[in-house]
Amino acid sequence: MALIVQKYGGTSVADAERIRNVAERIARLQHAGNQMVAVVSAMGDTTDDLIALANQITDRPSARELDVLLSTGEIVSSTLVAMALRHLGLDAISLSGLQAGIQTDSTHSRARIRRINPERIHRELDEGRVVIVAGFQGVTEELDVTTLGRGGSDTTAVALAAALRADRCENLKDVEGIYTADPRIVPAARKLRDIGYEEMLELASHGAQVLHPRAVELAQLYNLPITVQSSFNEEPGTLIHAETTMEPTNKVRGIAHDADVAKITVRGVPDRPGIAATLFEPLAARAISVDTIVQNASLENLTDLTFTVSRKDLRAALEIIQPVVLEIGAAGLVTDDEAGKISIVGTGMQNTPGYASRMFRALFDAGINIQLITTSEIRITCIIDQAQVPQAVRALHDAFELEKA
Ligand code: ADP
Ligand code: ASP
Ligand code: MG
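Numbering of residues starts from 1 in each chain and follows the order in which that chain's sequence is written. Written order determines the labels here, with chains lettered from A and ligands numbered from 1. Residues qualify for local features only when their pLDDT is at least 70, as the model is predicted, and side-chain atom pairs are given and counted only at 80 or more; totals for whole chains, interfaces and linings, by contrast, use all residues. Note that water and hydrogens are dropped before the side-chain values are worked out from all heavy atoms of the structure.

Some points on the site of ligand 1
Around ligand 1, 16 residues are found, and the nearest of them are Lys7, Lys173, Tyr179, Asp182 and Arg184. A distance of 3.0 Å separates an oxygen atom of ligand 1 from a polar atom in the side chain of aspartate 174. Within 3.5 Å is the distance limit for a polar contact, defined as a pair of N or O atoms, with the added protein rule that one can donate a hydrogen and the other accept it, and that residues adjacent in sequence qualify only through two side-chain atoms. In the environment of ligand 1, an oxygen atom lies 2.5 Å from a nitrogen or oxygen atom belonging to the side chain of arginine 184. Near, as used in this document, describes a residue that has one of its heavy atoms within 4 Å of the molecule or strand being considered.

Structure (structure tokens):
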């Protein structure tokens, strides 16, 4: 008997018929003798709709109230899946994040799971029940509801799989696996049989929305192999694990893109020690993650400092940065909220020259201007114009011949 944790994304539970299909899939595995825990996302576009609703009331919803509101989306779908299973004659129970024992820190809208008390889930499983857990949520020590950030149900599933010592952790989605690029943008993208944690983490952290980055981090931390596969068919998906197969290493593994980037330039920054810390500490204190950071060489003791944030964080970032700019005596701020980024990722790039120049050449040939460049050992990222992101992804997919195995 295996303990299987599955996660079903929003598209997979978007309406009553799909919920029935999900229940049947869970039921088949239960009948085959497995213990089943399923984490579910909110139905279809529910989370977006709830955010839009809150924004009709106020343009500054309280973070605490917004988290409670958004958590209801996953509660709805978890109850319906449990009902569908009971309709099939199985004993099933839905649990909220609180009931599932998921405790987080108190950073609303992007909370991190601190610990999981799996007692209740174990008890329900021991009673022979299928357990359906509302994804994307937990509670603070004071039992205030938190959410884990967009796409966070993936993280709920991996964290539960680790806490329950599950035998398998499967993410069932509207795609058949991890592809060399988003198949919605590159129809010729190729499904990967497997991928290592590091490469997957780089892809996920730099825009590949297919997995929540924290889910990959947790899987790596607990050395837990996870799969991404389709919820609509039984095709083999992609295995994400510690070792990748010995595919040719001179390859880019995949391309990630993010069309929702905002760029902030602080102009005429006095060049003295401590300035960067003064600028970035208050952003970190408000949990705004700063991505690409570039500082120019200083001319006459003045320098420009450019960094990017997620577009949804631009307003909050500016509110924090503006007073600091005055305080340090910088010349001013320039913002661009129409930036995007594209990244090529692959462990094969480590210590191998030529990837960057090939990337820049491909972008130039496609008529795309590069605004900023950053790299890690296994990734090269370019900030470009948002409107050119799809075109850039296709150009790079071609240039690195990713459609070929
Ligand atoms: P879920 O329904 O589980 O929340 P998501 O919608 O968050 O799933 O993620 C699936 C989507 O991720 C796909 O529909 C696809 O468009 C997108 N995606 C982006 N990059 C990739 C990639 N490299 N491989 C597969 N899918 C990708
Ligand atoms: N429903 C949440 C979202 O849309 C969480 C998730 O689906 O994973 O972001
Ligand atoms: Mg998702």
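Considering the side chain of glutamine 229
With respect to the helices and strands, the residue glutamine 229 is situated in strand 11 (residues 226-230). Only protein chains enter the accessibility calculation, which uses a 1.4 Å probe; a residue whose area is less than 20% of its type maximum is buried, one above 50% is exposed, and one in between is partly exposed. Residue glutamine 229 is classed as buried on the basis of its relative accessible area, which comes to 13%. Here the side chain of glutamine 229 touches threonine 227 through a polar contact of 2.8 Å, side chain to side chain. Setting aside chain neighbours within four positions, we find glutamine 229 in contact with Arg25, Glu170, Asn171, Leu172, Lys173, Val175, Glu176, Glu235 and Gly237. Secondary structure is summarised from DSSP: a helix means a run of H or I of at least four residues, a strand means a run of E of at least two, and numbering begins at the N terminus for each. Should any heavy atoms of two residues lie within 4.5 Å, those residues are considered in contact.

Some details on the packing of aromatic side chains
Aromatic pairs are defined between Phe, Tyr and Trp rings, using the six-membered ring for Trp, whenever the two ring centres lie within 6.5 Å; interplanar angles under 30 degrees are classed as stacked, those over 60 as edge-to-face, and all others as tilted. Scanning all chains against the criterion turns up two aromatic pairs. When the centroid spacing of 5.1 Å and the interplanar angle of 80° are considered together, the rings of phenylalanine 280 and phenylalanine 307 count as edge-to-face. Placement of the pair is phenylalanine 280 in helix 8 (residues 275-285) and phenylalanine 307 in strand 15 (residues 302-310), with a sequence separation of 27 residues. Consider the rings of tyrosine 355 and phenylalanine 400, whose centres lie 6.2 Å apart with planes at 20°: the pair is stacked. On the criterion of sequence distance, the pair formed by tyrosine 355 in helix 10 (residues 355-365) and phenylalanine 400 in the segment after helix 11 (389-399) is long-range, its members being 45 residues apart. On the basis of relative accessibility, which here comes to 7%, the residue tyrosine 355 falls in the buried class.

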